[in-house]
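Chain and residue survey
Take a look at the letters that make up each chain.
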Amino acid sequence: MAENGFIHPPESNWSLWGMPVFVLFKDARLVFKMDSLGREILSIAFPAALALAADPIASLIDTAFIGRIGPVELAAVGVSIAIFNQASRITIFPLVSITTSFVAEEDTHGKISPETGKCEDLEKSGHKKNEKKESTPEDVVAENLEKGASRNTDTKEPDDGSNTSTCKSPSAIASKTENTEVKRGKRHIPSASTALILGSMLGLLQAIFLIFGAKTLLGVMGVKPDSPMLKPALKYLTLRSLGAPAVLLSLAMQGVFRGFKDTKTPLYATVAGDLTNIILDPIFIFALRLGVSGAAIAHVLSQYLILIILLWRLMKQIKLLPPNMKDLQLGRFLKNGFLLLARVIAVTFCVTLAASMASRLGSTPMAAFQICLQVWMTSSLLADGLAVAGQAILACAFAEKDYKKVTSVASRVLQMSFVLGVGLAIVVGVGLYFGSGIFSKDASVLHLISIGVPFVAATQPINSIAFVFDGVNFGASDFAYTAYSMVFVAGASIASLFLLSKSNGFIGIWIALTIYMALRCFAGIWR
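Residues numbered from 1 in each chain as written. Predicted model: local features only at pLDDT ≥ 70, side-chain atom pairs only at ≥ 80, totals over all residues. Heavy atoms only, no water.

1. Describing the overall build of the protein chain
- Check the secondary structure of the protein chain and you find 17 helices and two strands.
- Put simply, the protein chain has 527 residues, and 58% of those count as buried. (Helix = DSSP H or I, 4+ residues; strand = E, 2+ residues; numbered from the N terminus. Buried < 20%, exposed > 50% of the residue type's maximum accessible area, 1.4 Å probe, protein only.)

2. Let's talk about the layout of surface pockets
- The computed volume of the second largest pocket comes to approximately 500 Å³.
- Looking at the second largest pocket, it is lined by 21 residues, and the ones nearest its centre are Gln86, Ile90, Phe209, Leu217 and Thr352.
- Among the elements of the structure, helix 3 (71–112), helix 6 (190–212), helix 7 (214–220) and helix 12 (330–360) are those that each provide at least two residues to the lining of the second largest pocket.
- A per-class count over the lining of the second largest pocket returns 14 nonpolar, six polar and one charged. (1 Å grid on protein atoms, 1.4 Å probe; cavity = no way out; pocket = protein on both sides within 12 Å on 5 of 7 lines; lining within 4 Å. Points joined across faces, edges and corners; volume = space filled by probe spheres on them. Nonpolar A, V, L, I, M, F, W, Y, C, P; charged D, E, K, R; others polar.)

3. Digging into the pattern of salt bridges
- All told, the structure shown has three salt bridges when counted by the stated rule.
- Close ionic contact of Asp35 with Arg412 constitutes a salt bridge, the shortest N to O distance being 3.0 Å. Of this pair, Asp35 sits in the loop between strand 2 (6–7) and helix 1 (36–52) while Arg412 is found in helix 14 (residues 403–435), placing the two residues 377 residues apart along the sequence. For the residue pair Asp35 and Arg412, the accessibility class agrees, reading buried in each case.
- A salt bridge links Asp470 to Arg343; the shortest N-O distance between them is 2.5 Å. Of this pair, Asp470 sits in helix 16 (residues 460–475) while Arg343 sits in helix 12, placing them 127 residues apart in sequence.
- When its relative accessible area of 12% is taken as the criterion, Asp470 is described as buried.
- For Arg343, a relative accessible area of 5% translates into the label buried.
- Taken together, the salt bridges that share partners define one network made up of Arg343, Asp470 and Arg520. (Salt bridge = Lys/Arg side-chain N within 4 Å of Asp/Glu carboxyl O.)

4. Some details on the nonpolar core
- Formed by 105 residues in total, the largest nonpolar core has its most connected members in Phe369 and Leu432.
- For this core, the element with the highest residue contribution is helix 13 (residues 363–399), accounting for 18 residues.
- Contact partners of Leu432, with chain neighbours within four places excluded, come to Ile371, Cys372, Val375, Phe439, Ile449, Val453 and Val456. (Core = buried A, V, L, I, M, F, W, Y, C linked by side-chain atoms within 4.5 Å. Contact = heavy atoms within 4.5 Å.)

5. Describing the packing of aromatic side chains
- Throughout the structure, instances matching the rule amount to five aromatic pairs.
- The interplanar angle of 45° and the centroid separation of 5.4 Å between the aromatic rings of Phe369 and Trp510 together place this pair among those described as tilted. One end of the pair, Phe369, is in helix 13; the other, Trp510, is in helix 17 (residues 479–526), and 141 residues separate them in sequence. Across the pair, exposure class does not vary: Phe369 and Trp510 are buried alike.
- Three or more aromatic residues link up through ring pairs in this structure, and these residues are Phe369, Trp376 and Trp510. (Phe/Tyr/Trp six-rings, centres within 6.5 Å; stacked < 30°, edge-to-face > 60°.)

6. Here's the deal with unusual backbone geometry
- Non-glycine residue Arg289 carries a positive phi angle of around 55°.
- Mapping Arg289 onto the fold places it in the loop between helix 10 (264–287) and helix 11 (292–315).

7. Some details on empty space enclosed by the protein
- One pass over the structure, following the stated rule, counts six cavities of 30 Å³ or more.
- Looking at the largest cavity, it is lined by 41 residues, and the ones nearest its centre are Leu52, Arg89, Phe93, Leu381 and Asp384.
- Of the residues in the lining of the largest cavity, the class split is 22 nonpolar, 12 polar and seven charged.

8. Details of helix 10
- The end-to-end C-alpha distance of helix 10 is 34 Å, a good match for the 34 Å that 24 residues give at a rise of 1.5 Å each.
- At Leu280, helix 10 shows its largest bend, some 30°, and a proline, Pro282, comes one to four positions later.
- Here helix 10 has its buried residues at Thr265, Pro266, Leu267, Ala269, Thr270, Gly273, Asp274, Asn277, Leu280, Asp281, Phe284 and Ile285.
- Following helix 10 by one or two positions, Arg289 adopts a phi angle in the positive range, close to 55°. (Expected span 1.5 Å × (residues − 1). Bend = angle between axes of the 7 residues up to and from the residue.)

9. Here we look at the confidence of the model for the protein chain
- Of the residues in the protein chain, 77% reach a pLDDT of 70 or more, and the chain-wide mean stands at 77.
- Contacts of residues 1–20 to residues separated by more than four positions or lying in other chains number 49 contacts, the stretch itself having pLDDT below 50.
- Low pLDDT (under 50) marks residues 114–183, which in the prediction has 116 contacts with non-local residues, meaning those over four places away or in another chain. (pLDDT = per-residue confidence, 0-100.)

10. Here's the deal with the environment of Val77
- Residue placement: Val77 occurs in helix 3.
- Taking the C-alpha atoms as reference points, Val77 and Leu230, separated by 153 residues in sequence, lie 9.8 Å from one another.
- Not counting the four nearest positions on each side in its chain, Val77 is found in contact with Ile66, Tyr236 and Val292.

11. Some thoughts on the packing of helix 9 (residues 244–259) against helix 11
- Contact pair helix 9 / helix 11: the axes reach a minimum separation of 9 Å and the direction vectors enclose 35°. The two elements helix 9 and helix 11 meet at a crossing, and its hand is left-handed. Each of Pro245, Ala246, Val247, Leu249, Ser250, Met253, Gln254, Val256 and Phe257 in helix 9 lies in contact with helix 11, whose residues at this interface are Gln303, Tyr304, Ile306, Leu307, Leu310, Leu311, Arg313 and Leu314.
- Here the residues of the contact of helix 9 with helix 11 sort into 13 nonpolar, three polar and one charged. (Axes fitted to C-alpha atoms, helices over the stretch in contact; angles between N-to-C directions. Left-handed = near helix turned anticlockwise from the far one by under 90°.)

12. Observations regarding the side chain of Gln370
- With respect to the helices and strands, the residue Gln370 is situated in helix 13.
- Ignoring sequence-local partners within four residues, the contact set of Gln370 consists of Thr63, Leu74, Gly78 and Ile81.

13. With respect to the environment of Ser440
- Position of Ser440 among the secondary structure elements: in the loop between helix 14 and helix 15 (443–458).
- Its relative accessible area of 4% is what places Ser440 among the buried residues.
- When the C-alpha atoms of Ser440 and Gly70 are compared, they prove to be 7.7 Å apart, with 370 residues separating the residues in sequence.

Following this line, the structure appears as structure tokens:
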């Protein structure tokens, strides 16, 4: 099987999808060991998880402050956030995933190719022998990968490194090479330029779509014209949509930084943005008496701050625009993003439908559902960090044909995800049960939250394993299976949402979401 340039070994030697389920327990005693593999995973996963949590954390902060205004406003903002977040995921997730892979390929290929000026300079600076030794096996891998990639890509420039995956594990040579190149000047990476252009275009389109379609979208989500939620929801969604260009472009840049194996820069920008949001929220909401509009304005300003920081840092490393527009890889991005787009649509539709079902129950159930959902999604992003690390390391191991490392990485990240899920179940369960008063003082809302706590907590291990399985499949470039399996999972989950929400109301919605995550986990194990 060859997808996106990756050629997998025959199943007689190794098969990711042919692994028995007991791979989850392979070398389980090493799950807490801080060896080179453990440190490599955590060095990527921890900053990535915190950076991924930027928008949901900011939304959670908005939720806490808005809950002080009243349950109607809280429910209204909950519907608006659900619409905005799902729209963002549909547009940005394929772009970020593809950007990370393509940028890593081009950047690594530029470092090791003897035909580039960069490598010639490195050879002159005293690394000639080392570079030749390192590039020889990589050139063989690159040649093999190009043969497979030619079936799946439209590019006519095989020497630009965009069709190969020549990632290498972190090493002293790679580190010295990277440092030397940063000092020498800006790099030209067509994939990075393509990602920035697509991110800008998608951000503007999303903003226009959400602003002009806000009322219609709220109606689809169950907010009726005579509902008290309509006016505050419309205000919040319209203002929040102005930040869409910043959100999508900053996330595209995060994909570029991940391609450079730099997850710390996005983290620093995220912390700066979130702190700004925390400071501005009470000022705009209470001091200036802007209510939900103030929460939206504070959030938008924080997102543009994140954008400015990332753009400033990126401009120091690469040329943002290519010297020739023909260098852009729009066709390649769109072609490889199609399967991921189908998968994301299936995922987001399930979550959006659940929020819609909750809003139809009234403002109080929707307020409680919004709080539970934000905690559920935010805590799960820690597992996404492990998924990012697993994807990046596995992709490199496949490119190097180091299948022993592939097995070790897959086992380790899955075991870490289970341990993480158990820990999150305890923390989230106890924290939400005793700390729900932070989000609302309404007795009815707090009662419904206490009903949702067991579901939010108990699903944490399932969520963690399911998300990391996605990362494992992405690292193996198994995009087709992840897309098709998610469509089937979504179909079954949608049916359960309709049936259970109608018969069991608030509890039924959370039972259906539990079924949804269990099916996702099963799909990963089955593969």
